[in-house]
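Observations on the model geometry
Letter by letter, the chains look like this.
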Amino acid sequence: MPAAQAPLPRSLEPLPDESLPGFLLRLTHRLDLTPHQLARRVTLIPPDDPHARVSAANLLMMQPARLHAFAEVTRMTTADADALTLRSYADRYPALAQALVRPGSIPRPRRLSQPWLLMNHSRYCPACLAGDGTPIQSAHGGPWKRQWRLAVTFACLDHWTFLRSECPRCRLPALSGRSGSPLTLLPAANAPRLHPAQCRNWLDGSGKRGEVCGHRLDGAEPAAAALTPELADLQTVLLDLLDSDEPAELASQRFADLQVAISLIQAGWPVAAELAPAATRAILEAHLAPQQQDGHGPGPAAESAGSPPETVWSAPPGDSIATAGLLFAAYHLLAQDSSGPRSALPQLLRNLPTRDDLRWGRTWHMLAHQASPSLRRRIDQVYRHRLSADWIRQGAPTLRASRANTTQKVFAPTNTLTDLGIAPEHIPQCLPGSWLLAATLKDAERDLTSYRLRRVLPVHLVQAISDMNFLEAAAFLGIPTSWTTQNRLRIKPLDPRRDLKNGDLPATLRLLAQHVLGQEKVDYRARRMQFSRWSIDDRTWDELCRQRPPGRGRKPNEHTRECASAFVWSYITGSEFALAPVFQPPMRPHDRTLSLDMPHLTKLRRWESKEPPVPASWLCTALEEHARQVIATISHAS
């Protein structure tokens with residue numbers, strides 16, 4: 001916990017949408033301190049460590065104890081202090097959600113670089129930095145804004161201009177510090193008497209022998225292009241997604257859709273170039289020219305076992321104008337009817353490299369787990385209608401072609417049950433035992449293979465009601481790629497003669513699908529996304545433990561709490577116990593590996609089957625009731 005500090009004799013009121021680095025720079029200017037001295041006073045670094053750096057993770061969020069101490073020292077409320085960070089965007093902006101983990105109910109930053117989150121520099125508007133003419137802003141400058149750290153922010157609508165991406169003098173991104181060093185919140189933290197609007201980059205990149213650039217960024221240098229009304233309208237739409245009444249999950253999906261579309265456009269450039277506004281096209285061409293000159297254009301990638309590529313299509317350009325052009329093109333690509341004659345999506349997908357190209361980055365993971373179901377279906381549909389069947393069968397549209405998908409041709413028939421009107425989202429990751437009985441597998445609950453059937457039948461059912469192959473269906477259900485592509489397969493297609501009593505997989509799937517039609521429609525995929533970082537919080541766990549009858553077995557411990565979280569999560573999401581967030585990084589302890597014979601999973605299966613003697617039967621009952629309450633809350637909210 002940070003050491004207590006006395007409140008500062010003078011402080012400042014945060015400006016609207018001001019970021020934590022911007023507030024600290026203005027306050028150092030007012031108090032005539034260096035950023036390092038101020039960071040020590042406001043408890044962002046230990047007072048007894050002269051070499052400590054202010055971690056850039058504080059821009060994401062401040063831990064509760066630090067947040068409270070910071071607010072006390074700077075004479076503001078904790079809500080105002082928290083508003084200086086990006087935490088409030090976490091549920092709406094996918095890159096920020098990936099940068100934060102939530103063990104229980106308390107999030108914390110993780111050591112992960114997200115290209116759509118500008119942690120190591122900031123875009124800026126010179127007119128905003130110059131201030132609005134009030135005495136306080138005339139003296140100490142205007143705000144470095146939080147939204148400038150989100151790559152989807154490319155323009156200032158107050159001053160009708162593109163944001164600048166680098167200092168005009170040193171040609172480095174603003175507030176980027178020294179090259180190759182750990183990310184810090186405040187570059188040149190020991191440089192004295194710098195105005196908040198001065199560039200803090202080291203001219204030689206080392207920060208040891210060189211000098212700080214010091215160029216005033218609040219000058220009147222014109223932007224490289226004029227902001228057009230169509231791009232200003234797009235910026236309005238994107239900013240509204242960050243702070244509107246639209247459900248957070250839908251806003252997050254829309255941002256994820258844009259990121260996937262931008263990956264497609266960059267990988268297939270110049271196929272969709274006509275979708276970009278004319279004002280941005282020249283800058284976009286300059287940004288994408290290197291990959292064309294190096295032979296990195298669209299089409300199948302050359303086989304190479306070299307180091308990771310410099311070009312990553314899932315990352316945005318550093319330049320705000322190029323980013324604006326790609327966002328505009330992506331926005332209009334998504335707005336087109338993919339089945340229409342003028343749609344650019346079919347032609348774009350025909351010219352893409354295969355999905356196992358390393359330059360895709362996290363594109364296909366985002367499409368499978370964060371993008372909207374409608375975009376997934378559109379891309380899958382176009383792939384199958386526009387690409388050769390042989391290429392699809394060899395796994396090019398899958399996450400990674402492997403022995404499971406190239407030499408093993410045991411696939412369930414696809415597109416055979418689409419007439420029933422069931423969506424893939426309505427299939428749970430792990431089938432309930434009652435669903436197996438509905439498929440006439442009468443001995444399934446006692447059969448040694450029942451757990452395998454509960455795992456694999458959902459994959460085949462998704463195949464049957466869609467046009468996905470086995471690996472794609474498994475990825476859609478949230479099954480890790482390693483479970484389907486490792487040498488000893490844990491999830492692999494069924495052999496009807498060996499695995500099914502009747503030996504007829506299509507008939508089994510039809511009976512199963514008809515059973516699904518009679519159930520309440522549940523979007524299991526949406527639930528997995530919503531609860532992807534969920535576990536039982538401290539308050540709920542204490543309430544559950546108070547229901548323990550006196551003298552009934554051991555008092556629940558941390559092992560029991562992990563199992564309880566996995567049990568409720570599985571009940572809510574229809575998923576495998578082993579994939580519960582508490583058993584996965586980063587919430588899983590680093591010194592523990594997960595195996596199928598792990599005691600946690602053995603206990604969970606006994607809880608689920610109610611196999612006597614059931615340990616802590618009172619807890620099973622309480623957990624099922626809690627799960628039903630959570631589900632009722634979800635249903636009411638939707």
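Residues numbered from 1 in each chain as written. Predicted model: local features only at pLDDT ≥ 70, side-chain atom pairs only at ≥ 80, totals over all residues. Heavy atoms only, no water.

1. Considering the overall build of the protein
- Scanning the protein from N- to C-terminus turns up 28 helices and 4 strands.
- Burial analysis of the protein (638 residues in total) assigns 53% to the buried set.
- Looking at the protein alone, contacts between residues at least 24 apart form 71% of all its contacts between residues at least 6 apart.
- Of the roughly 28900 Å² of accessible surface on the protein, 51% is carried by carbon and sulfur atoms. (Helix = DSSP H or I, 4+ residues; strand = E, 2+ residues; numbered from the N terminus. Buried < 20%, exposed > 50% of the residue type's maximum accessible area, 1.4 Å probe, protein only. Contact = heavy atoms within 4.5 Å. Areas by Shrake-Rupley, 256 points an atom, 1.4 Å probe, with all protein chains shown as cover.)

2. Observations regarding the nonpolar core
- Counting residues in hydrophobic clusters, the biggest one holds 112 residues, and the most contacted among them are Leu-24, Phe-70, Tyr-93 and Leu-117.
- By residue number, the principal contributor to this core is helix H10 (residues 248-268), which donates 10 residues.
- Dropping the residues within four chain positions of it, Tyr-93 is found in contact with Trp-116, Leu-117, Leu-150, Ala-151, Val-152, Leu-242 and Phe-255.
- Judged by nonpolar contacts, the second largest core, of 65 residues, contains Val-462, Leu-477, Leu-505 and Phe-583. (Core = buried A, V, L, I, M, F, W, Y, C linked by side-chain atoms within 4.5 Å.)

3. A closer look at the pattern of salt bridges
- Inspection of every chain in the model, using the stated rule, returns 12 salt bridges.
- Ionic pairing is found between Lys-145 and Asp-158, a salt bridge with its closest N-O pair at 3.6 Å. You can see Lys-145 sitting in the loop between helix H8 (135-140) and strand S3 (155-156) and its partner Asp-158 sitting in the loop between S3 and strand S4 (161-162), a full 13 residues away along the chain.
- On the basis of relative accessible area, Lys-145 is assigned to the buried category, the value being 15%.
- By relative accessible area, which is 61% here, Asp-158 ends up exposed.
- Between Arg-376 and Glu-425 there is a salt bridge; the shortest N-O distance is 3.8 Å. One end of the pair, Arg-376, is in helix H15 (residues 373-386); the other, Glu-425, is in the loop between helix H17 (403-406) and helix H18 (433-438), and 49 residues separate them in sequence.
- Overall, Arg-376 belongs to the buried group, its relative accessible area being 5%. (Salt bridge = Lys/Arg side-chain N within 4 Å of Asp/Glu carboxyl O.)

4. A few points about the packing of aromatic side chains
- Here the structure, examined in full by the defined rule, presents 9 aromatic pairs.
- Aromatic side chains Trp-313 and Trp-360 sit 5.0 Å apart centroid to centroid with 70° between the ring planes, which places their arrangement in the edge-to-face category. Placement of Trp-313 in the loop between helix H11 (278-293) and helix H12 (320-335) and of Trp-360 in the loop between helix H13 (345-350) and helix H14 (363-369) is noted, with a sequence separation of 47 residues between them.
- By relative accessible area, which is 0% here, Trp-313 ends up buried. (Phe/Tyr/Trp six-rings, centres within 6.5 Å; stacked < 30°, edge-to-face > 60°.)

5. Focus on the packing of H10 against H12
- Running from amino to carboxyl end, H10 crosses H12 at an angle of 105°, the nearest separation of the two axes being 8 Å. By the angle between their axes, H10 is roughly perpendicular relative to H12. For the pair H10 and H12, the contacting residues are Arg-254, Asp-257, Leu-258, Ala-261, Ile-262, Ile-265 and Gln-266 in the first and Leu-326, Leu-327, Ala-329, Ala-330, Tyr-331, Leu-333 and Leu-334 in the second. (Axes fitted to C-alpha atoms, helices over the stretch in contact; angles between N-to-C directions. Parallel < 35°, antiparallel > 145°, perpendicular 65-115°, else oblique.)

6. Overview of helix H19 (residues 450-465)
- With 16 residues, H19 extends 22 Å between its outermost C-alpha atoms, agreeing within 8% with the 22 Å of an ideal straight helix rising 1.5 Å per residue.
- The largest bend in H19 comes to about 25°, at Val-456, with the proline Pro-458 one to four residues further on.
- The element H19 is largely enclosed, with a buried count of 15 among its 16 residues. (Expected span 1.5 Å × (residues − 1). Bend = angle between axes of the 7 residues up to and from the residue.)

7. Describing the side chain of Arg-26
- Tracing the backbone through its elements, the reader meets Arg-26 in helix H1 (residues 20-31).
- Excluding residues that lie within four positions of it along the chain, Arg-26 makes contacts with Leu-12, Glu-13, Pro-14, Leu-15, Glu-18, Ile-136, His-140, Gly-141, Gly-142 and Pro-196.

8. Regarding unusual backbone geometry
- The amide bond that connects Trp-269 to the next residue, Pro-270, takes the cis arrangement and shows omega of 10°.
- In this structure, Pro-270 sits in the loop between H10 and H11.
- Phi at Leu-175 takes a positive value of approximately 55°, unusual for a residue other than glycine.
- Relative to the helices and strands, Leu-175 resides in the loop between S4 and helix H9 (229-242).

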